[in-house]
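The residues making up each chain are set out below.
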Amino acid sequence: MKDTEKKAKVFVVQEVSKFNIISAQQYGQLIPLYEEGKQIMLSPGPAIRKAKSIMKDFSDDDYLLLMGDPVAMGIACAIASEMNRGRIQCLKWDRMENRYYPVKFNLFEKGEIDD
């Protein structure tokens, strides 16, 4: 890989020690956003600034691993969308296959709304 090439990143929303996520490394470097036990309650500003700083270069090559505080997961999705023109990839755990699958979506995509 050339020095100018970007290495994919997996942004782990929140560390949860009871889950072994090491297999997600096949998709990129694991980068935690928030430490285990962090709860975003009445003042989300600092948490938003921290995630924006860490995710400032989020691109089509990167992934979100959604775990932990639901508010933190919402913040991470919103920031990823903002940084990458609505395009996000998440890693979804399949318990039957014991592996992660990438799920891609575009929040800005125009189309018909299903009933």
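One can find the structure itself at the top, above this paragraph.
Residues numbered from 1 in each chain as written. Predicted model: local features only at pLDDT ≥ 70, side-chain atom pairs only at ≥ 80, totals over all residues. Heavy atoms only, no water.

### Quick word on the overall build of the protein chain
Secondary structure assignment for the protein chain yields 2 helices and 5 strands. Across the protein chain, helices and strands are ordered from the amino to the carboxyl terminus as β-β-α-β-α-β-β. Relative to the compact-globule value of 13 Å for 115 residues, the protein chain shows a C-alpha radius of gyration of 15 Å, a close match. Split into buried and exposed, the 115 residues of the protein chain put 36% on the buried side. At a minimum sequence separation of 6, the contacts of the protein chain that also span at least 24 residues come to 51%. Between the centroid of the 17 positive side chains of the protein chain and the centroid of its 17 negative side chains there is a distance of 4 Å. (Helix = DSSP H or I, 4+ residues; strand = E, 2+ residues; numbered from the N terminus. Rg over C-alpha atoms; globule rule 2.2 N^0.38 Å. Buried < 20%, exposed > 50% of the residue type's maximum accessible area, 1.4 Å probe, protein only. Contact = heavy atoms within 4.5 Å. Lys, Arg positive; Asp, Glu negative; His and termini not counted. Charge placed at Lys NZ, Arg CZ, Asp CG, Glu CD.)

### Details of helix α2 (residues 70–83)
Under the 1.5 Å per step criterion, the end-to-end length of α2 is 20 Å for 14 residues, consistent within 8% with the ideal 20 Å. With a side-chain oxygen lying 3.0 Å from the backbone nitrogen of V71, the N-terminal cap of α2 falls on D69. Where α2 ends, the next residue or the one after it, R85, has phi of about 50°, a positive value. (Expected span 1.5 Å × (residues − 1). Polar contact = N/O pair within 3.5 Å; in protein donor to acceptor, adjacent residues only side chain to side chain.)

### Re the environment of V10
The topology assignment puts V10 in strand β1 (residues 9–14). Between the alpha carbons of V10 and S59 there is a distance of 11 Å; along the sequence they are 49 residues apart. Discounting residues that sit within four places of it in the chain, V10 has contacts with A24, Y27, G28, Q29, L30, I31, Y63, L65 and L91.

### Some details on the packing of helix α1 (residues 45–54) against α2
In the contact formed by α1 and α2, the axes pass within 10 Å of each other and the chain directions differ by 45°. Here α2 runs oblique to α1, going by the angle between their axes. Crossing geometry of α1 relative to α2 is assigned as right-handed. Taken together, the residues of α2 that come into contact with α1 (itself represented by I48, A51 and K52) are I75, I79, E82 and M83. Across the contact of α1 with α2, the residue classes break down as 5 nonpolar, no polar and 2 charged. (Axes fitted to C-alpha atoms, helices over the stretch in contact; angles between N-to-C directions. Parallel < 35°, antiparallel > 145°, perpendicular 65-115°, else oblique. Left-handed = near helix turned anticlockwise from the far one by under 90°. Nonpolar A, V, L, I, M, F, W, Y, C, P; charged D, E, K, R; others polar.)

### A look at the pairing of β1
Working note: regular strand, side chains alternate between the two faces of the sheet. Of all the 6 residues making up β1, 5 are buried; the element is thus mostly covered by neighbouring parts of the structure. The pairing of β1 with strand β2 (residues 29–34) spans 5 bridges and is parallel. Within β2, the residue paired with F11 across the bridge is I31. Pairing of β1 with strand β3 (residues 63–65), which is carried by 3 bridges, proceeds in the parallel orientation. Note on β3: the bridge partner recorded for V10 is Y63. (Pairing = 2+ DSSP bridges.)

Geometric values such as these leave the question of function open.
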